[in-house]
Amino acid sequence: MAEESLLLQSPNASPSKSSSLLSEISNASTRPLIFAFTAISCGAYTFGCIVGYTAPTQTSIIKDLNLSIADFSFFGSILTVGLILGALICGKLTDLVGRVYTIWITNILFVIGWLAIAFAKDVWLLDVGRLLQGVSVGIFSYLGPFYISEIAPKNLRGAASSFVQLFTGVGLSVIYALGTVVDWRKLAILGSIPSLMVVPLLFFVPESPRWLAKVEREKEVEAVLLSLRGAKSDVSEEAKEILEYTQHVEEQQDVDGRRFFKLFQRKYVLPLTIGVVLISVPQLGGLNGYTFYTDTIFTSTGVSSDVGFILTSIVQISGGILGAVLVDLSGRRSILLVSQAGMFLGCLATAISFLLQKNNCWENGTPILALSSVMVYFGSYGLGMGSIPWTIASEIYPVDVKGAAGTVCNLVSSISSWLVAYSFSFLLQWSSTGTFVIFAAVICIGYVFTAKLVPETKGKSLEEIQSLFTDSHPQDSTVF
C-alpha cells in the first residue's frame, strides 16, 4: 500500500503532467494512427472472446452435438496447440510479409475459425475452427503489442499498448455475459463481427516505419511517419534515428551472418531474460488457474459464482484503465512493482482462505476473504502485469532480432500458460493452500527480478531503449 501511495502521489503524475498527456493524445490522434489502434484493439477484443468462449457454452455444445466430455475437452485444449503453432511462426511471418499483411492474415483466420464453429455439424469442424483461432491468437499475441510500439509516439507508447491489452479483458467479460443469454452458434457469429468490421479500416492502416527501414524501403519511412504524426509535424529527426539505427543493426548482422541464433549472443541475454521472465511470471503465478477455475475457487470457499464473476470483471477492467492512464506518467517499472505486489497479496489471501475453510475457522469471514483475494489478484493483474510485460518486450529488442525474440517470448508464454492450466486441478487435489503459496512465491521472485533488473523505458525512443542493452557489449560475444 505504501508503494501504491507513492506511485499515485509521484510528481510525474501531477495535474500538469496529466494535462500535458491529454494534449499529446489530441495532437497525436491522426486518422491512420486511430485506424491502426482500432484494428489492433478489435484483435485484442476478439482474443478475449476466443479465450472465454468455451466457459459459457460447454453444456449447450455437448448437448446439441452429442459430444462426450473427452470430445469437448479436446475442443477446448486444441486452442493451446494452435497458440503454440502461432507462436512458432509469428516472428518470421511478421518479418517476412510485414505487420499490416499479418493483421490481414490474423483477421481472416479469426473469421474462418468463428464461422467453422458456428456452422459445425460434427466435432471435426468444431476442432478445426478452434485450432485456427489458436493459430491466429498465437500470432496476434506477438503482433499487437509489437506493432503498436513501432508506430505510437514515444510519450504515448505505453498508454496505447495498455489500452489495447485492456480490450482482451473486455472481450472476455462480454463473451461470458452474452454466453448466458445467447445460443452458442449465434455467439460464435457475434464473435466474428469485430474482425469483419475492421476489414475496411485495414486498407488505410499504415505499415510500421521500422519494418520499412528493415526491408530497405527508406523513402517510405518519412511519409509513413508524417501520416502517423500529422502532416505539420517535423519527423526528420525521428526518421533519421530509425534509419541510422536500422542500418547500424543490419551492418552488425552482415558481419555476424546469423539470423535466429543471433538472439543468443551475450549482449542479448539480459533483454531476452527480461522479456521471458516478465511474460511468464503472470502465467506461472496462477493466471490461468484463476481464470479457468474461478468458479471452483468461489464454490470451494462458499462464494456466489455470479456475484464473484461480476465483481472481479469490474475490478480487472477498472485496474486496466487506471494502469493505461498511469503507464506513461508514473512509468512501467513502478506500476509493475505495484501490480506484482498486489498479485502476491491476492495469492497469499486466497491460500489463507482455503486454509481457514479446511480447518473450519472464521466461517463467516472466509467467503469475504476469498472474494476479496480474487478481486485483488485480478485488479492488480489488470493494473500492470496484464499489459506491461508485452509493452516492455516490444520495446527492448532491436529490429534484427525482434522476430526471433517475439517468437521465443510468445512460445514461453504459451507453454507456461498450458502448464498451469493442465496442472492446476492436480495441484488443488494435492493442496489448495499449497497451490496458491507456490503461485505467491513465483510472483515474489518476479517482484525481486523487476526491482533489480528491469529498466524504466518511459519517454525513450525504441532506438534509445535498445541501445541501453546492445551498446555496452561486444557484438561478437556469444553464449552458444
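Up top is the structure.
Because the structure is predicted, anything quoted here is derived from the model rather than measured. (Residues numbered from 1 in each chain as written. Predicted model: local features only at pLDDT ≥ 70, side-chain atom pairs only at ≥ 80, totals over all residues. Heavy atoms only, no water.)

(A) Looking closely at empty space enclosed by the protein. For the structure on display, the rule yields one cavity of 30 Å³ or more. Volume-wise, the largest cavity comes out at about 60 Å³. Surrounding the largest cavity, Glu150, Arg210, Tyr245, Thr246, Val399, Lys402, Glu463 and Gln466 form its lining. Those elements that provide at least two residues to the lining of the largest cavity are helix H12 (236-256) and helix H21 (462-470). (1 Å grid on protein atoms, 1.4 Å probe; cavity = no way out; pocket = protein on both sides within 12 Å on 5 of 7 lines; lining within 4 Å. Points joined across faces, edges and corners; volume = space filled by probe spheres on them. Helix = DSSP H or I, 4+ residues; strand = E, 2+ residues; numbered from the N terminus.)

(B) Inspection of the packing of helix H3 (residues 31-52) against helix H8 (residues 157-179) at higher detail. At a closest axis distance of 7 Å, the pairing of H3 and H8 adopts a crossing angle of 35°. H8 is crossed by H3, and the crossing has right-handed handedness. For the pair formed by H3 and H8, the contact residues are Phe37, Ile40, Ser41, Ala44, Tyr45, Phe47, Gly48, Cys49, Val51 and Gly52 on the first element and Ala160, Phe163, Val164, Phe167, Thr168, Val170, Gly171, Leu172, Val174, Ile175 and Tyr176 on the second. Looking at side-chain class alone, the contact of H3 with H8 contains 16 nonpolar, five polar and no charged residues. (Axes fitted to C-alpha atoms, helices over the stretch in contact; angles between N-to-C directions. Left-handed = near helix turned anticlockwise from the far one by under 90°. Contact = heavy atoms within 4.5 Å. Nonpolar A, V, L, I, M, F, W, Y, C, P; charged D, E, K, R; others polar.)

(C) Seen up close, the pattern of salt bridges. With the rule as written, the count across this model stands at nine salt bridges. With a closest N to O distance of 2.7 Å, Glu395 and Arg157 form a salt bridge. With a gap of 238 residues between them, Glu395 in helix H18 (residues 388-396) and Arg157 in helix H8 connect regions that are remote in the sequence. An identical accessibility class is assigned to Glu395 and Arg157; each is buried. A salt bridge links Arg229 to Glu238, with the shortest nitrogen-to-oxygen separation between them at 2.8 Å. Within the structure, one salt-bridge network assembled from shared partners comprises Asp95, Arg99, Glu150 and Lys402. (Salt bridge = Lys/Arg side-chain N within 4 Å of Asp/Glu carboxyl O. Buried < 20%, exposed > 50% of the residue type's maximum accessible area, 1.4 Å probe, protein only.)

(D) Inspection of a nonpolar patch on the surface at higher detail. A cluster of nonpolar side chains, Leu178, Val181, Leu190, Ile193 and Met197, forms an exposed patch at the surface whose accessible area comes to about 450 Å². With three residues, the single largest contributor to the nonpolar patch is helix H9 (residues 184-202). Within the secondary structure layout, Ile193 lies in helix H9. Judged by relative accessible area, Ile193 falls into the partly exposed class, the value being 34%. (Patch = residues over 30% accessible without salt bridge, like charges linked within 9 Å, V, L, I, M, F, W, Y side chains within 5 Å. Areas by Shrake-Rupley, 256 points an atom, 1.4 Å probe, with all protein chains shown as cover.)

(E) Examining the side chain of Ser173 more closely. Looking at the secondary structure, you find Ser173 in helix H8. Contact partners of Ser173, with chain neighbours within four places excluded, come to Phe309, Ser313 and Ile317.

(F) View of unusual backbone geometry. One non-glycine residue, Asn66, adopts positive backbone phi at about 55°. Along the chain, Asn66 falls in the loop between helix H4 (54-65) and helix H5 (69-97). One non-glycine residue, Glu216, adopts positive backbone phi at about 65°.

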